[in-house]
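# Structural overview
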Amino acid sequence: MKRMFWALALTGGLFSQQAWSQCSLAIEANDQIQFNTKELHVKKSCKEVTLTLKHAGQLAANVMGHNWVLSATPDYQAIAQAGQAAGAPNYLPTGDARILASTNVIGGGQSVSIKFDASKLTVGGDYTFFCSFPGHFVLMNGKLIVE
Ligand code: CO
């Protein structure tokens, strides 16, 4: 009986760790205006997704700033343009409902984490993540796949 208890406790621990990793996303950016992936996957069952952006470069935020912004794919270029008009430091319009999630802009050597609710997204929907620093969205974009 005691052995059975420990087996269940261990299994429960593994399951919760797996659930955590599925609700946790990590992405890196560099000084070459690149993210390290073009695709991130998330489960709709994640009410609280933790997204961590790490800037692995060395350049400062005012010359090579990066953020991570999520929107529906048809909206992302317009948001990036509105962000450029909004200006430093975060290059995003405030109170824009098209922005589904966003981090602040960071510079080389910095990291930033945000939480967002994936249960509000649609399975199979078309979502793009991008950097809204002026000009970066052209190179720094990818798809968020909701499963
Ligand atoms: Co950038």
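Residues numbered from 1 in each chain as written. Predicted model: local features only at pLDDT ≥ 70, side-chain atom pairs only at ≥ 80, totals over all residues. Heavy atoms only, no water.

### Here we look at the sheet that holds strand β6 (residues 111–116)
- Taken in spatial order, the 3 strands of this open sheet run β1-β3-β6, and their pairing is mixed. The two strands at the open ends of the sheet, each matched to only one other strand, are β1 (24–29) and β6. For this sheet, the mean inter-axis angle between neighbouring strands, taken without regard to orientation, is 20°.
- Relative to strand β3 (residues 49–55), β1 is paired through 6 bridges, and the arrangement is parallel. Looking at β3, one finds that Ala26 is bridged to Thr52. (Pairing = 2+ DSSP bridges. Helix = DSSP H or I, 4+ residues; strand = E, 2+ residues; numbered from the N terminus. Axes fitted to C-alpha atoms, helices over the stretch in contact; angles between N-to-C directions.)

### Description of the coordination of the cobalt ion
- Taken together, Gly65 (O), His66 (ND1), Cys131 (SG) and His136 (ND1) make up the protein donors of the cobalt ion, found 2.1 to 2.6 Å from the metal.
- Considering all 4 donor atoms around the cobalt ion, angles at the metal cover 79 to 130° and the coordination shape is irregular.
- Read N to C, the donor residues that coordinate the cobalt ion are spaced as G-H-x64-C-x4-H. You can see His66 sitting in the loop between α2 (61–64) and β4 (69–72) and its partner His136 sitting in the loop between β7 (127–130) and β8 (141–146), a full 70 residues away along the chain.
- Classification of His136 as buried rests on a relative accessible area of 4%. (Donors = N, O, S within 2.8 Å, 3.2 Å for Na, K, Ca; no water. Tetrahedral: all angles 85-135°; square planar, octahedral: opposite > 155°, others 65-115°. Buried < 20%, exposed > 50% of the residue type's maximum accessible area, 1.4 Å probe, protein only.)

### Remarks on the side chain of His55
- As for its position among the elements, His55 is in strand β3.
- Under the relative-accessibility criterion, His55 is labelled buried at 1%.
- Of note is the side chain of His55, whose polar atom sits 3.0 Å from the backbone nitrogen of Gly57.
- Discounting residues that sit within four places of it in the chain, His55 has contacts with Ala29, Asn30, Asp31, Met64, His66, Ile106, Gly107, Gly108, Gly109 and Gln110. (Polar contact = N/O pair within 3.5 Å; in protein donor to acceptor, adjacent residues only side chain to side chain. Contact = heavy atoms within 4.5 Å.)

### A word on the pattern of salt bridges
- All told, the structure shown has 5 salt bridges when counted by the stated rule.
- The salt bridge involving Arg98 is made with Asp96; its shortest N-O contact spans 2.8 Å. (Salt bridge = Lys/Arg side-chain N within 4 Å of Asp/Glu carboxyl O.)

### Describing the packing of aromatic side chains
- Tallying each qualifying case throughout the model produces 6 aromatic pairs.
- Here Tyr76 and Phe130 contribute two aromatic rings whose centre-to-centre distance is 5.5 Å and whose plane-to-plane angle is 50°, an arrangement assigned as tilted. Residue Tyr76 is located in helix α3 (residues 76–86), and its partner Phe130 is located in strand β7; the two are separated by 54 residues in the primary sequence. Comparing Tyr76 with Phe130, the two get one shared label, buried.
- Ring geometry for Tyr76 versus Phe137: centroids 6.3 Å apart, planes at 80°, classification edge-to-face. Pair noted here: Tyr76 is in helix α3 and Phe137 is in the loop between β7 and β8, with a separation of 61 residues, a long-range link. (Phe/Tyr/Trp six-rings, centres within 6.5 Å; stacked < 30°, edge-to-face > 60°.)

### What about the sheet that holds β8?
- Sheet architecture is open: 5 strands sit in the order β2-β8-β7-β4-β5, paired in mixed fashion. Looking at strand neighbours, the two that pair on one side only are β2 (39–42) and β5 (101–102), the edges of this open sheet.
- Where β4 lies against β5, 2 bridges are found, and the strand directions are antiparallel. Looking at the pairing, Val69 lines up with Ser102 of β5.
- Packed onto the sheet, α3 meets β4, β7 and β8 and runs at close to 30° relative to β7.

What is shown is where atoms sit, not what they do.
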